[in-house]
Each structure stands twice: as structure tokens, then as C-alpha cells.
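Results of the structural survey
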Amino acid sequence: MTREFADDKPIFVQIAERIEDCILSGAFTEESQIPSTTEIAVSDKINPATALKGINLLVEEGIVYKRRGLGMFVSTGAVRKVKDKRKEQFYDRYIIGLAEEAKKLSLTKEEVMALVERGYQR
Amino acid sequence: MNEITIQNVTKSYGSVLALDDVSLSFSENHIYGLLGRNGAGKSTLLNLITGRQFADSGNIRVDGQYAPENPEAQRKIFMMSEKNLYPTSMKVAEAFRWTSRFYPEFDRDLSASLSSRFGLDPKKKIKSLSTGYASIFKLITAVATRAPYIFLDEPVLGLDANHRDLFYRSLIEQYSENPRTYIISTHLIEEAANVIDQVIIIKNGRLLKDESRDDLLRQGYTISGPAASVDAYAAGRNILGSDTLGGLKTAYLLGECDASALPSGIEISHLDLQHLFIQLTNA
């Protein structure tokens, strides 16, 4: 799951989002173990404290949990939780930028809707 | 208190002031990035801590003990520097053995396994090593000492991309398994930026920044857009520098971004450590 980091978001947030992506894609299934802080830190060449901070974000939201002495596991219901959260973020993350870019290009609302339709047909 | 403390340290070479009243500390279990331009005073600072040079004034302590000319304090520190201080006719394996006499915690298994991972032949003489392998030899020695404070001065000098990658991975692995304090001084900031968690910037012999990487990164941002809009927003704010490309202007700013005051048509982005460093230490 190694990837280059974008500069806009703190790395620990990107770590959390990548784990969420893995949960959504089914790479990490519910009640399965996720990579350890050390594994993530080594594979991404980041400070272990940063990796831990990312995982802790998910612990706080109940998306992963710790099994003492074993490591971190995906919670039951994590897929739904991540989806709900991402749906809430959808407007901020995609729609605002989409509308801004569309205005810059003088695309009408109808044209944008047609493009959305086309995107769905793919 | 487990830390290296540097209090009001001043050092000059003739009329050149190399360090000017510097106070800072390196605390336990962090990876520090010690950054500065050429001649800023980084190596002088490291040389003073490790007793290779002596300060004109000020105080350096390791875990509370006065550090210069104190073997007990110095045993807690290992410094890897550009200079090779081993007899050049010595073989790599001998040098590991030799180092283990000074550093009782020296991990022979680790030096052997890292040597094989990096493809370093322990039977080779130190003088026959290429620049890259000379660095690798010194890095492996440093990490294997298991000293509580490990200084790495330009650790990746001459290493190819694969070996730099392997170095940072090995460093993080070792740090996770055996937390200790690493102080990395490097000009290759981009590669080290995500590895370090504390940043110290020295500029012209003075301490410019000493804080966590995350706190430091939060302070800088860039805005770019039409020059007039950028200037309007930037006026009265802490401007580190700016670039223009035709009518497009990019300004580097320090402080909190005031999103509500941003005119439309302006793009805002974060400054990464390398760019922030460049802007902070320019001129």
C-alpha cells in the first residue's frame, strides 16, 4: 500500500485514509489484522510516531481496535463507518472543487450534470 | 534527565563566530533533523558535543553530566561523520570488533545482518571501499553501537537511490525496535523530512528553529495567483519570499492562513520542509 504522499494533508491523516481505502476495497476485511505501526513506518519511510498517530485516528473513530499483545484489527461494522464518514466528506472533498473548476471553465450546471451522468454510465 | 543539553554555547575560529550563544536540547527517543546551510555551524555543534573541539564558553551535558573530556558521557554518544577515523588498512570486520570494545552494547549480529543486506563485504579493507560503501560501513557501525545518542552527519553521502531507501528503512526498523535518539544532519532534506520528528535549524551560527516537525510545517504556507491579489493578501503578513512567473506570483508566508481573507482565484498550499527550509535560510 506504499504510495507517494501529497503535500496538502498531514501524513498521519493520509495514513489513516489509506487504511480506510484498504478497508473499503476489501484488502483489509473486518476482524482481520492491519499492518503494525513499524511495518507501515518502514514501508513508507516515515517516523513510527506518525504512523501511530494515523492509526490512533482510526481507533478514536472505532474503525480499528487493539487486541492486547496481538496488534490492530479492523472493527466489525468498519466498512459502514468508513462509508458514512466518506459520504459526509463527499461534498467538501469533491463537490466544492468540482463546482469551482466548472465555474472557471464556464460550464453550466446542466453541462456538469450531463458529465456526472456520463461518469455513472462508464 | 535523559537528554543532551547545550547551554549558551559559543565557538569561534579566529575572528569567525561559528556558534553564537546556542542553547538547545536533544531529548530521548526522537529522530532529530539538524538542518542548516553550508557553514551554518552544524558540524561545529556536533564536534563540540562529541569532544572533538572545545567551546569558547557555555555548557554541554549528557544526561546531566558535563560532556567534554568525560569518557562516561561520551560512551553514550556515537558520531558518524564524513571523516573516516579508522586506520584505513583495517578490515571492515576488524573495525566492527574494535568499535565493540568502546561500545559494550555493540550488536554484532546486527552489524553482520546489515552488512549482508547492503552487500558490504566484511573482509574488505576500509580504504578499498567506494565512497558509497564507506558511508554504508560507517552507518552500519553507528546503528550497531546501540549508543543512546547517535549522530549521523550527512549519512547518505555517495549512496545510490536503492541504498538510501534501504538505509532509511533500516533506520526506522531499528528505531522502532530499539528506540534511541538519532540526530541526522543532512542537506538532502526531502528524503529525511518524513523520518524526523523534531527539527533544529541553525543559521549563521544561531539557533533559528527548534520544534517538532509538525508544528514547524503548520507555520508555513504558500499562496499563488494573479500578482495583485497575492500582494493584497500578503501585505502586512510575514512574507518569507516570493517568486513570479509572468503575471503569476507565489508568496511564501509564515503564520496562520486566514482563509476568510483570501481573495478568489488564489491557490493555497502547504510548504514542505525543504521549501520552508529554503525560504527560512535564504539570504
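Fair warning: this is a prediction, and the values are worked out from it, not measured in the lab.

This part takes up the domain arrangement of chain A. Residue and element names in this part refer to chain A. For chain A, the assigned domains are domain 1 (11-77) and domain 2 (79-121). With centres defined by C-alpha atoms, the gap from domain 1 to domain 2 works out at 28 Å. Contact residues are listed per partner, giving ten residues for domain 1 and eight residues for domain 2. Interface area, domain 1 with domain 2, both sides summed: about 910 Å², of which 49% is carbon and sulfur. Of all residues in domain 1, E20, L24 and G77 give up the largest surface area on contact with domain 2, accounting jointly for 49% of the area buried on that side. Linking domain 1 with domain 2 are five salt bridges. With a closest N to O distance of 3.7 Å, R93 and E17 form a salt bridge. At the junction of domain 1 with domain 2, the criterion picks out ten residue pairs in polar contact (both at pLDDT 80 or more). Of the residues contributing to the side of domain 1 that touches domain 2, the split by class is three nonpolar, two polar and five charged.

The backbone of E31(A) shows a phi angle near 70 degrees, a positive value even though the residue is not glycine. Mapping E31(A) onto the fold places it in the loop between α1 (11-25) and α2 (37-44). The phi torsion at N8(B) lies on the positive side, around 45 degrees, for a residue other than glycine. By the secondary structure assignment, N8(B) is in strand β1 (residues 3-13). The class of N8(B) is partly exposed, set by a relative accessible area of 42%.

Let's shift gears to helix α4 (residues 108-118) of chain B. Residue and element names in this part refer to chain B. For α4, every residue scored as buried is listed here: L110, S111, L114, S115 and F118. Axial view of α4: buried residues confined to an arc of 130 degrees, hence all on one face. Exposed and oriented more than 90 degrees from the buried face of α4 are D109 and S116. A distance of 3.1 Å separates the backbone nitrogen of D109 from a side-chain oxygen at the start of α4, and that oxygen is part of D107. At the exit of α4 stands G119, carrying a positive phi of roughly 70 degrees.

The rules behind these values
- Residues numbered from 1 in each chain as written.
- Chains lettered and ligands numbered in written order.
- Predicted model: local features only at pLDDT ≥ 70, side-chain atom pairs only at ≥ 80, totals over all residues.
- Heavy atoms only, no water.
- Domains from an automatic or database assignment.
- Contact = heavy atoms within 4.5 Å.
- Buried area = accessible area lost by both parts, 1.4 Å probe.
- Salt bridge = Lys/Arg side-chain N within 4 Å of Asp/Glu carboxyl O.
- Polar contact = N/O pair within 3.5 Å; in protein donor to acceptor, adjacent residues only side chain to side chain.
- Nonpolar A, V, L, I, M, F, W, Y, C, P; charged D, E, K, R; others polar.
- Helix = DSSP H or I, 4+ residues; strand = E, 2+ residues; numbered from the N terminus.
- Buried < 20%, exposed > 50% of the residue type's maximum accessible area, 1.4 Å probe, protein only.
- Arc of directions from axis to C-beta.

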